[in-house]
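# A look at the structure
These are the residues of each chain, in order.
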Amino acid sequence: MPSSRVRARRGRIARRRKRTIPNHNDSRTTYNEHFYFVLRLSRIFMRAGPMDLDDRTLRRLKLSDLRLFHAVVQWGGMAKAAAHLHISQPAVSKAIATLEQTLGVRLLERHSQGVEPTQFGRALLKGGIAVFDELKQSVKEIAFLADPTAGELRVGCTEPLAAGLVPTVIDRILREHPRVVFHVVTADPATLMERELRARNIDVAIAPTAEIISAADVDVETLFDDRQVVMAVPQNKWFRRRNITLADLVHEPWILPPADSVIRASIIEVFRTSGLAPPRNHVVTFSITLCYQLMASGRFLAMLPLSMARSHGGLPLKILDVGLRGIPRPTGIITLKKRTPNPLARVFTSSVRELAKPLARGR
DNA sequence: TTGCTGAGAAAGGCACCTTC
DNA sequence: GAAGGTGCCTTTCTCAGCAA
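This section reports on the structure supplied with the text. Along each chain, the written sequence defines residue order, and numbers are assigned to residues from 1. Each chain takes a letter, starting from A, and each ligand takes a number, starting from 1, following the order in which they are written. The predicted nature of this model means local features are confined to residues of pLDDT at least 70 and side-chain atom pairs, given and counted, to a pLDDT of 80 or more, with totals for whole chains, interfaces and linings taken over all residues. Side-chain numbers come from the whole structure's heavy atoms, not from hydrogens or water.

Secondary structure follows DSSP: runs of H or I at least 4 residues long count as helices, runs of E at least 2 residues long count as strands, and numbering of each begins at the N terminus. Broken down by element type, chain A carries 15 helices and twelve strands. The 363 residues of chain A split such that 45% are buried. In this analysis, two residues are considered to be in contact whenever any of their non-hydrogen atoms come within 4.5 Å of each other. Within chain A, contacts between residues separated by at least 24 positions form 76% of all contacts whose residues are at least 6 apart in sequence. Here's how the labels work: a residue is buried when its accessible area is under 20% of the maximum for its type, exposed when over 50%, partly exposed in between, all with a 1.4 Å probe on protein chains only.

This is the structure:
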């Protein structure tokens, strides 16, 4: 039986503990991180359904548990997650059980072949991705403030923009921020938005905006019409001709995008509007590298975005004046709303805006 | 203010159990 | 047999209290 002095002391300690954040055995979990984490989770669970999540319950949630829960879902089982995290299976099982007890809901469906997240588990996962992304962005912000010449930026763009505008922007930024690392992903606009931006694999996307379905979670800033114009290299026989029309070029070797693409349909429409049959498909490809290689021979023509001719990369492409304004293709910056921006993303987008100004004239 | 101490909480491992 | 769950244990960490 403890003495009255000891009991009184223990009582005082217990009362103090109730007023403070519990010990998480994780020195990396700072008060601010915990506050933000709890705030996000409370919003997530408010959306998930009516639940009794009081302040103490939310304070028990830990970033380490969320990371562990992520691993379990990612690997499809507690034992597999434990192996990847270098801890024992019971440790994972207990952590998940504690998490479920704290939240008062079942997060995982247990099967003989592993586990699967429930609707509550999926809600937690979705929020978890956002929580870790926000933390990552904060760390990047701190790193950028500590050393503005370094950092990391993930950019998504289409193939033509990767061959024109984007390298010019990157080159410009690297002159001022020489130790910045760029990760560039190329894909079609819809994939960039769904697979890369929403999954937070990229910080910013530069792409044609007309093909982006407007959504509440996405910011679209159209900067210029990247007109599709007829292009050739200076060695091409048509380059020095004057007063040429589309009809003169229709029987030349053309490089065209695949038949099921939006841009191919627009090109065909241009020929039809001029009363012409579409050119024969000599080469059908989305590959800009292949396009460059073929055009370098001086034989092939292609309808490419104006930004490719205006930027300082790749082949010295020249516009053939066939008396058309070109197919307008609104292009701009796409970012995720309510996401703390990577400080380098701000540098990147302002550089894009500046370089897009000459292309935006007449828009 | 600093360093030490002790209590309590949390994390995680081992052995074993249960379920499919 | 494979997977998760449970009980018991040890280790580690945090923090209040206290003395110098």
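One non-glycine residue with positive phi stands out, namely His 86, at about 60°. The topology assignment puts His 86 in the loop between α5 (78–85) and α6 (89–103). A relative accessible area of 72% means that His 86 is categorised as exposed. Phi at Arg 200 is positive, roughly 60°, even though this residue is not glycine. Tracing the sequence through the fold places Arg 200 in the loop between α10 (189–197) and β5 (204–208). Since its relative accessible area comes to 18%, Arg 200 is described here as buried.

Each pair of strands is called paired provided DSSP finds at least two bridges between the two strands. Read from one edge of the open sheet, five strands run β4-β3-β5-β12-β6, paired in mixed fashion. Lying at the two open borders of the sheet, with one neighbouring strand each, are β4 (179–186) and β6 (218–225). Within the sheet, the average angular offset between the axes of one strand and its neighbour, ignoring direction, is 25°. Pairing analysis gives three bridges linking strand β3 (residues 150–157) to β5, with the strands arranged parallel. Each bridged residue has a counterpart across the sheet, and for Gly 156 the counterpart in β5 is Ala 205. For helices, the fitted line uses only the C-alpha atoms of the stretch in contact; every axis is such a line through C-alpha atoms, and the angle between N-to-C directions lies from 0 to 180 degrees.

The next thing to look at is the packing of helix α7 (residues 119–146) against helix α15 (residues 343–360). The contact between α7 and α15 brings their axes to 8 Å, and the two run at 70°. In terms of orientation, α7 lies roughly perpendicular with respect to α15. Residues Lys 140, Glu 141 and Phe 144 of α7 form the contact with α15, whose own contacting residues are Pro 343, Leu 344, Arg 346 and Val 347. Residue composition of the contact of α7 with α15, by class: four nonpolar, no polar and three charged. Any angle between 65 and 115 degrees counts as roughly perpendicular, while under 35 counts as roughly parallel, over 145 as roughly antiparallel, and the rest as oblique. Side-chain classes are defined by residue name, with Ala, Val, Leu, Ile, Met, Phe, Trp, Tyr, Cys and Pro counting as nonpolar, Asp, Glu, Lys and Arg as charged, and the others, Gly among them, as polar.

Definition of nonpolar core: a set of buried residues of the types Ala, Val, Leu, Ile, Met, Phe, Trp, Tyr and Cys, connected through side-chain atoms within 4.5 Å. Counting 40 residues, the largest nonpolar core has Ile 206, Met 295, Leu 304 and Phe 348 as the members making the most contacts within it. The greatest single-element share of this core, amounting to seven residues, is contributed by α15. Beyond its immediate stretch of four places on either side in the chain, Ile 206 contacts Gly 156, Cys 157, Thr 158, Leu 161, Leu 165, Val 166, Leu 192, Gly 332, Ile 333, Phe 348 and Val 352. Counting residues in each nonpolar core, the second largest holds 23 residues, with Leu 61, Leu 68, Val 115 and Val 131 among its members.

With that settled, consider the sheet that holds strand β9 (residues 283–284). In space, the five strands of this open sheet follow the order β9-β8-β10-β7-β11, with mixed pairing throughout. A single partner strand is all that each edge strand has here, and the edge strands are β9 and β11 (318–319). Against the sheet, helix α13 (residues 288–295) contacts β7 (228–232), β8 (254–256), β9 and β10 (301–305), and its axis sits at roughly 135° relative to β10.

Residue placement: Ser 266 occurs in helix α12 (residues 262–273). Linking Ser 266 and Pro 328, residues 62 residues apart in sequence, is a C-alpha distance of 9.4 Å.

In what follows, salt bridge is the name for a side-chain nitrogen of Lys or Arg lying within 4 Å of a carboxyl oxygen of Asp or Glu. Overall, the coordinates contain 15 salt bridges when judged by the stated rule. The partner of Glu 196 in a salt bridge is Arg 195, and the shortest N-O contact between them spans 3.1 Å. Its relative accessible area of 8% is what places Glu 196 among the buried residues. Asp 217 serves as the salt-bridge partner of Arg 198, at 2.6 Å between the closest nitrogen and oxygen. Residue Arg 198 is found in the loop between α10 and β5, and its partner Asp 217 is found in the loop between β5 and β6; the two are separated by 19 residues along the sequence. The class for Arg 198 is partly exposed, based on a relative accessible area of 26%. Look at Asp 217 and you get partly exposed, because its relative accessible area is 29%. Among the charged side chains, a network of salt bridges with common partners joins Asp 133, Arg 200, Asp 203 and Arg 339.

Before going further, it helps to examine the packing of helix α9 (residues 165–176) against α15. Look at α9 against α15: their axes get within 10 Å of each other, and the N-to-C directions meet at 120°. Accordingly, the angle class assigned to the pair α9 and α15 is oblique. Read as a crossing pair, α9 and α15 show a hand that is right-handed. Across the interface between the two elements, Leu 165, Thr 168, Val 169, Ile 170, Arg 172 and Ile 173 of α9 pack against Val 347, Phe 348, Ser 351, Val 352, Glu 354 and Leu 355 of α15. Partitioning the contact of α9 with α15 into residue classes produces eight nonpolar, two polar and two charged. Helix crossings are classified by the rotation of the near helix relative to the far one: an anticlockwise turn of less than a right angle makes the crossing left-handed, while a clockwise turn makes it right-handed.

Further remarks concern the side chain of Glu 252. Inspection of the secondary structure puts Glu 252 in the loop between α11 (246–249) and β8. Within the local environment of Glu 252, its side chain forms a polar contact with the side chain of Trp 238, the two groups lying 3.3 Å apart. In protein, a polar contact means a hydrogen-donor-capable atom and an acceptor-capable atom, both N or O and within 3.5 Å, with residues adjacent in sequence counting only if both atoms are side-chain atoms; elsewhere, any N or O pair within 3.5 Å suffices.

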